[in-house]
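Fold and contact review
Chain by chain, the residues run as shown.
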Amino acid sequence: MPSYEHKKIIEHLRRLDQLPPDPNEFSRWIEAGDHLEFLLRNAASDEIVIYASSEYSFIHAAIIPNGQLAALGQEELLHWDGTPFTPIASYVWGGGGNDVWLERRMDAIERDPMNCVTQLVFRRTFEGWAGVDRNYLEINQEYTHLTGIHWRPEERAYCNFDDCGDLSHVVSITDGSSDRGGIVCASFTWGPLEEYLAASDSALIRRFDFTLLRRDCFTSWPDGPEKVINKFTPIVCRQKVVPGIAAYTTGIQLITPRRPKRLVFEGLRDDRRDKKYVEFIAYDWRNLQITIISTNPSNTTNYFEAQNNSLPFELSPAFFKPEVILKYKTDKEKYSVGERDITCRAAWHLKAYDVNEAGQVFAYICYLRNLPYSEQLHWQSYNEKPKVGISERAFINDFKGKFTTYRDPLEAIISTLRSWQDGCSPWWTIRDERLYERISTPLTNSKDEWGEAFMDLAKLVIEGFEVVKIREKLGNLGIAYSNKDADKTITLLESAINGINKEAAARTLIGLRTTQRIRSKIKGHVSGREANALVAEVIQEHENFANHFRFVCTLVADELKVIADTFA
């Protein structure tokens, strides 16, 4: 759906088009006072009407460079007749020659100074097409590229992701179908539009025409001069009134950036002076103390700038309760949680976080500062003093600049599966590429997080096996198998492994079977008593869910190597 502000605009336009039944109210209505007031308020709002067309109203805005605007007089502006129906270019020929050439609007400024404007919206018609989308709106491609927006038909809007990774409606469209009252409208959110105006040194020129009348009583416009109205600064318009019957009010409105260019450009460069930062309890290893450190860059230093100060290094770690991660694991469409990084769509990326021996999550101040302010506040709410230092892996990777010889068992599983995928192995197929990014080690004491991790592991590994190909392998080797076992995929794999290695002791794929068991008992519909008994068993043997998950992943990683050798 279009943005909330856009829907309110449509409702307002619909109310403006309603003919008052009272004669006195009608006489006031045709003079368009409410319409002009709407333009003024809309120009100061968070969503600007760039194009709107209804039974009695027409609005169309375009970009005009400030240099050209300064050279134009009021009369020239008042007679600007730009519409969204004008093409951006056309083929031209004639003059006695055989050549054909392109003529763009900017090429014709000498004929009409108002050709300097840049359209933001184009109203197009697919000639010969009889479908409901025969008429549609296009947005200026330069604007869509600069703002990084894309058309989402289900939203009826051009969208991107905001700083928090949520879908943002930057340009909202109403197409004029009958269920929307025949109104066509395109509205732009002000923030990106203001940035475009400031960076292009331009203003928005908005043309409007409100022709308000009773059609059954109106015959023609009388002779005589029009009245020029300029009391609605920065609106200037021409008006002609047939008392009690009809009136038209047409003119232009200029809309300029509300903030100084300096502030707009700071926002574009992401170096705003009013940017907010958060303070964290962190370990200042430069000064060997636990202290409060702000994410403000001026409050920390780095190796190259540390000579003349005693500020904490920006690589000082802050420590958090492991529950800080749960927010990201419960919304896998929005977030990707890796072993050492978290990504929120195209919005932000936190790198180099890790977990220490005490189970605390930690992250460095220099990377926490890159998070949106709301995310920094989320992390701050789980901030606590360090119980131990950073992990050995983080120390080797981040401070020594070396790779660790230790490999996380989940990473080993993913590496093996990717090699199978790259090699087009016949016995296994990835079912959903997103599972590579979604699966992660549980870090908290949450049974749901633990169960979800095994659910993802089962989907990634077990559901990828091709049962038909495994049966073919067994048939080719003359190994008998049964189709009755509930865990038929795992049973078939065990039959293949043990059928080939007859001299070795029969092997049970404990890791895969444990994964399937936990998936069915914790995430499936089993009795609470049975699930609780399994949880108690896991905690007793492994102390926490993270240790247990890594233990099972180690088993699975080894089993995948055996399976690969079996089917090689």
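Turning our attention to the overall build of the chain. Looking only at helices and strands, the chain has 20 helices and 24 strands in total. Each of the three principal axes of the chain carries a C-alpha extent, and together these read 110 × 70 × 60 Å. Residue burial in the chain is summarised as follows: out of 568 residues, 45% are buried. Within the chain, residue pairs in contact and separated by at least 24 positions form 62% of the contacts whose partners lie at least 6 positions apart. Only carbon and sulfur atoms are counted for the fraction: they give 50% of the accessible area of the chain, which is about 29,600 Å². Side-chain charges in the chain split into 69 positive and 80 negative, and the spacing between the mean points of these groups amounts to 3 Å.

A few words now on the side chain of His 6. Inspection of the secondary structure assignment puts His 6 in helix α1 (residues 4-16). You can call His 6 buried: its relative accessible area is 0%. Engagement of the side chain of His 6 in a polar contact is seen with the side chain of Thr 174, the distance being 2.6 Å.

With that settled, consider the pairing of strand β10 (residues 167-175). Here five bridges tie strand β9 (residues 157-161) to β10, and the two strands are oriented antiparallel to one another. The residue of β10 that forms the bridge with Cys 159 is His 169. Taken together, β9 and the strand that follows it, β10, pair antiparallel across an intervening segment of five residues, in which Gly 165 is found at a positive phi of about 85°. In this structure, β10 lies alongside strand β11 (residues 184-189), joined through five bridges in antiparallel fashion. Bridge pairing links Asp 175 to Val 184 in β11.

This brings us to the packing of aromatic side chains. Scanning the entire structure with this criterion turns up 31 aromatic pairs. Ring geometry for Trp 450 and Phe 545: centres 4.6 Å apart, planes at 15°, overall stacked. Of this pair, Trp 450 sits in helix α15 (residues 447-460) while Phe 545 sits in helix α20 (residues 545-567), and the two are 95 residues apart along the sequence. You can call Trp 450 buried: its relative accessible area is 0%. Classification of Phe 545 as buried rests on a relative accessible area of 2%.

So, on to the nonpolar core. Residues Phe 465, Leu 512 and Ile 563 are the most contacted members of the largest nonpolar core, which totals 49 residues. No other element matches the eleven residues that α20 contributes to this core. Among all residues touching Phe 465, those that are not within four sequence positions of it are Trp 420, Trp 427, Trp 428, Arg 431, Ile 470, Thr 489, Leu 493, Leu 512, Leu 560 and Ile 563. By size, the runner-up hydrophobic cluster in this structure holds 27 residues, among which are Phe 26, Ala 32, Cys 185 and Ile 229.

Okay, α20 next. Here α20 spans 32 Å end to end across 23 residues, near enough to the 33 Å set by a 1.5 Å rise per residue. For α20, the N-terminal capping position is held by Asn 544, with its side-chain oxygen 3.2 Å away from the main-chain nitrogen of Ala 546.

Next up on the list: the packing of helix α18 (residues 510-522) against helix α19 (residues 528-542). One can describe the packing of α18 onto α19 by two numbers: an axis separation of 9 Å at closest approach and a directional angle of 135°. Considered as vectors, α18 and α19 are oriented oblique to each other. Pair α18 / α19 crosses with left-handed handedness. Contact residues: α18 offers Arg 517, Ile 518, Lys 521 and Ile 522, while α19 offers Glu 530, Ala 531, Leu 534, Val 535 and Glu 537.

Strand pairing in a sheet is mediated by backbone hydrogen bonds. Such pairs are either parallel or antiparallel. Taken in spatial order, the three strands of this open sheet run β19-β20-β21, and their pairing is antiparallel. Each end of this open sheet is capped by a strand with a single partner; those strands are β19 (335-337) and β21 (348-351). Here the strands of the sheet are splayed against their neighbours by 5° on average, with no regard to which way each runs. Bridge count for strand β20 (residues 341-344) against β21 is four bridges, and the pairing is antiparallel. Paired with Thr 343 across the two strands is His 349, which belongs to β21.

A word on the pairing of strand β4 (residues 100-104). Remark: a regular strand shows side chains that alternate across the two faces of the sheet. Note: strand β3 (residues 89-93) against β4, five bridges, orientation antiparallel. The partner of Ala 89 across the bridge, within β4, is Arg 104. Connecting the antiparallel pair β3 and β4 is a turn made up of six residues, with Gly 94 showing a positive phi of about 125°.

Together, Tyr 91, Trp 93, Val 100, Trp 101 and Leu 102 give the surface a local cluster of nonpolar side chains, amounting to about 630 Å² of exposed area. Elements that contribute at least two residues to the nonpolar patch include exactly β3 and β4. For the nonpolar patch, the element with the most residues is β4, which contributes three residues. In this structure, Trp 101 sits in strand β4.

In this section: the environment of Leu 350. One can find Leu 350 in strand β21. The sequence separation of Leu 350 and Leu 457 amounts to 107 residues, and the corresponding C-alpha distance is 24 Å. In this structure, Leu 350 is in contact with Arg 340, Asp 341, Ile 342, Tyr 367, Leu 368, Leu 371 and Trp 379, ignoring residues within four places of it in sequence.

Topologically, Gln 239 is positioned in strand β14 (residues 235-242). Counting along the chain gives 87 residues from Gln 239 to Arg 152, while the straight-line C-alpha distance between them is 40 Å. Among all residues touching Gln 239, those that are not within four sequence positions of it are Glu 31, Glu 226, Lys 227, Ile 229, Tyr 248 and Thr 249. In this structure the side chain of Gln 239 is engaged in a polar contact, spanning 2.9 Å, whose partner is the backbone oxygen of Glu 31.

Among the residues of helix α3 (residues 33-43), those classed as buried are His 35, Leu 36, Phe 38, Leu 39, Asn 42 and Ala 43. Each buried residue of α3 sits inside an arc of 150° when the element is viewed along its axis, so together they form one side.

At a minimum axis separation of 10 Å, α1 and α3 run at an interaxial angle of 165°. With respect to α3, the element α1 is oriented roughly antiparallel. Viewed along their axes, α1 and α3 form a crossing whose handedness is left-handed. Across the interface between the two elements, Ile 9, His 12, Leu 13 and Leu 16 from α1 touch Asp 34, His 35, Phe 38 and Asn 42 from α3. In terms of residue class, the contact of α1 with α3 is made up of four nonpolar, three polar and one charged.

Conventions used here
- Residues numbered from 1 in each chain as written.
- Predicted model: local features only at pLDDT ≥ 70, side-chain atom pairs only at ≥ 80, totals over all residues.
- Heavy atoms only, no water.
- Helix = DSSP H or I, 4+ residues; strand = E, 2+ residues; numbered from the N terminus.
- Buried < 20%, exposed > 50% of the residue type's maximum accessible area, 1.4 Å probe, protein only.
- Contact = heavy atoms within 4.5 Å.
- Areas by Shrake-Rupley, 256 points an atom, 1.4 Å probe, with all protein chains shown as cover.
- Lys, Arg positive; Asp, Glu negative; His and termini not counted.
- Charge placed at Lys NZ, Arg CZ, Asp CG, Glu CD.
- Polar contact = N/O pair within 3.5 Å; in protein donor to acceptor, adjacent residues only side chain to side chain.
- Pairing = 2+ DSSP bridges.
- Phe/Tyr/Trp six-rings, centres within 6.5 Å; stacked < 30°, edge-to-face > 60°.
- Core = buried A, V, L, I, M, F, W, Y, C linked by side-chain atoms within 4.5 Å.
- Expected span 1.5 Å × (residues − 1).
- Axes fitted to C-alpha atoms, helices over the stretch in contact; angles between N-to-C directions.
- Parallel < 35°, antiparallel > 145°, perpendicular 65-115°, else oblique.
- Left-handed = near helix turned anticlockwise from the far one by under 90°.
- Patch = residues over 30% accessible without salt bridge, like charges linked within 9 Å, V, L, I, M, F, W, Y side chains within 5 Å.
- Salt bridge = Lys/Arg side-chain N within 4 Å of Asp/Glu carboxyl O.
- Arc of directions from axis to C-beta.
- Nonpolar A, V, L, I, M, F, W, Y, C, P; charged D, E, K, R; others polar.

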